[in-house]
Amino acid sequence: MEILDANVAAEVADKLLEIQAIRLQPEKPFTWASGWKSPIYCDNRLSLSFPKVRTMIKEQLVKSIQHYFPDVEAIAGVATAGIPQGALLANDLDLPFIYVRSKAKGHGMENMIEGKVVPGQKVVVVEDLVSTGGSSLKATQDLLDAGFDVLGMVAIFSYGFDIAAQNFEKAGVKLVCLSHYEAMLPMAVQRKYITGDTLESLSEWRKDPAIWKQ
């Protein structure tokens, strides 16, 4: 995983905390669909309701694409949270936009990919959040199966799991994130959302979320 700028990573994390897109509850953890207990819940869709934060995120994602993927010819959002972010980026970059469903429509054309499918077109995938990378990488594989040339993926935030790094490396997909869990922790302490005493527990969760609080 690449980070464009450490200062940007801190700023993005701080803004996500400020608007409560990131919530921290180490003493009363959330339960994910996987069954994992988690001290953090991240819903970056909230950023869409805050114009200044939305614009800042969009501008930094555009910079990330221009820096890492200058040959991009189209933007692909991952349904559902990657769709609005991807559409914003495609508009700013004056590029075609498509999006990838989690599963094919059960009626009509039964599309997995919505928008113009152009085999060989160089595409960058847009996600809002990366956890283990499973659903994100499924979307990239769907694009590859449709004939697209996937240059890589950009995302707003990553939990920074080792398993995600391994999955992206194995798939050969370059991942660029604006911010991540480690950049968020000091900002949460600074805002007094957590105390220094809870940092160790929060750090342990990222190392092995499957057994944390078991």
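Residues numbered from 1 in each chain as written. Predicted model: local features only at pLDDT ≥ 70, side-chain atom pairs only at ≥ 80, totals over all residues. Heavy atoms only, no water.

Within this model, the largest pocket holds a volume of roughly 700 Å³. The wall of the largest pocket is formed by 31 residues, among which Glu 127, Asp 128, Leu 129, Ser 131 and Ser 135 lie closest to the centre. Residue assignment for the lining of the largest pocket shows that the elements contributing at least two residues are strand E5 (40-42), strand E9 (122-130) and helix H4 (134-145). Ranked by residues supplied to the lining of the largest pocket, first place goes to H4 with six residues. Among the residues making up the lining of the largest pocket, the classes are represented as 13 nonpolar, eleven polar and seven charged. By volume, the second largest pocket is sized at about 160 Å³. (1 Å grid on protein atoms, 1.4 Å probe; cavity = no way out; pocket = protein on both sides within 12 Å on 5 of 7 lines; lining within 4 Å. Points joined across faces, edges and corners; volume = space filled by probe spheres on them. Helix = DSSP H or I, 4+ residues; strand = E, 2+ residues; numbered from the N terminus. Nonpolar A, V, L, I, M, F, W, Y, C, P; charged D, E, K, R; others polar.)

To continue, consider the nonpolar core. Core analysis: the largest hydrophobic core is formed by 66 residues, its most contacted members being Phe 157 and Met 184. The contact partners of Met 184, leaving out residues within four places of it in the chain, are Ala 13, Leu 17, Ile 22, Leu 24, Ile 40 and Phe 157. (Core = buried A, V, L, I, M, F, W, Y, C linked by side-chain atoms within 4.5 Å. Buried < 20%, exposed > 50% of the residue type's maximum accessible area, 1.4 Å probe, protein only. Contact = heavy atoms within 4.5 Å.)

Most of strand E10 (residues 149-158) is tucked away: eight of the ten residues are buried. In the sheet, E9 pairs with E10 via eight bridges, with the strands oriented parallel. Within the sheet, the bridge partner assigned to Lys 122 lies in E10 and is Asp 149. Where the polypeptide runs from E9 across H4 and back to E10, its parallel neighbour, the crossover connection is right-handed. In this structure, E10 lies alongside strand E11 (residues 175-180), joined through five bridges in parallel fashion. (Pairing = 2+ DSSP bridges. Right-handed = clockwise from strand over helix to strand, strands pointing away.)

Per the counting criterion, the structure on display carries ten salt bridges. Two residues, Glu 114 and Arg 101, come together in a salt bridge whose shortest N-O distance is 2.9 Å. Residue Glu 114 is located in strand E8 (residues 113-114), and its partner Arg 101 is located in the loop between strand E7 (97-100) and E8; the two are separated by 13 residues in the primary sequence. Glu 204 serves as the salt-bridge partner of Lys 207, at 3.5 Å between the closest nitrogen and oxygen. Placement of both Lys 207 and Glu 204 in helix H7 (residues 199-207) is noted, with a separation of three residues, approximately one turn of the helix. The exposure class assigned to Glu 204 is partly exposed, which follows from its relative accessible area of 39%. It is possible to trace a salt-bridge network through shared partners that takes in Asp 14, Lys 15, Glu 18 and Arg 191. (Salt bridge = Lys/Arg side-chain N within 4 Å of Asp/Glu carboxyl O.)

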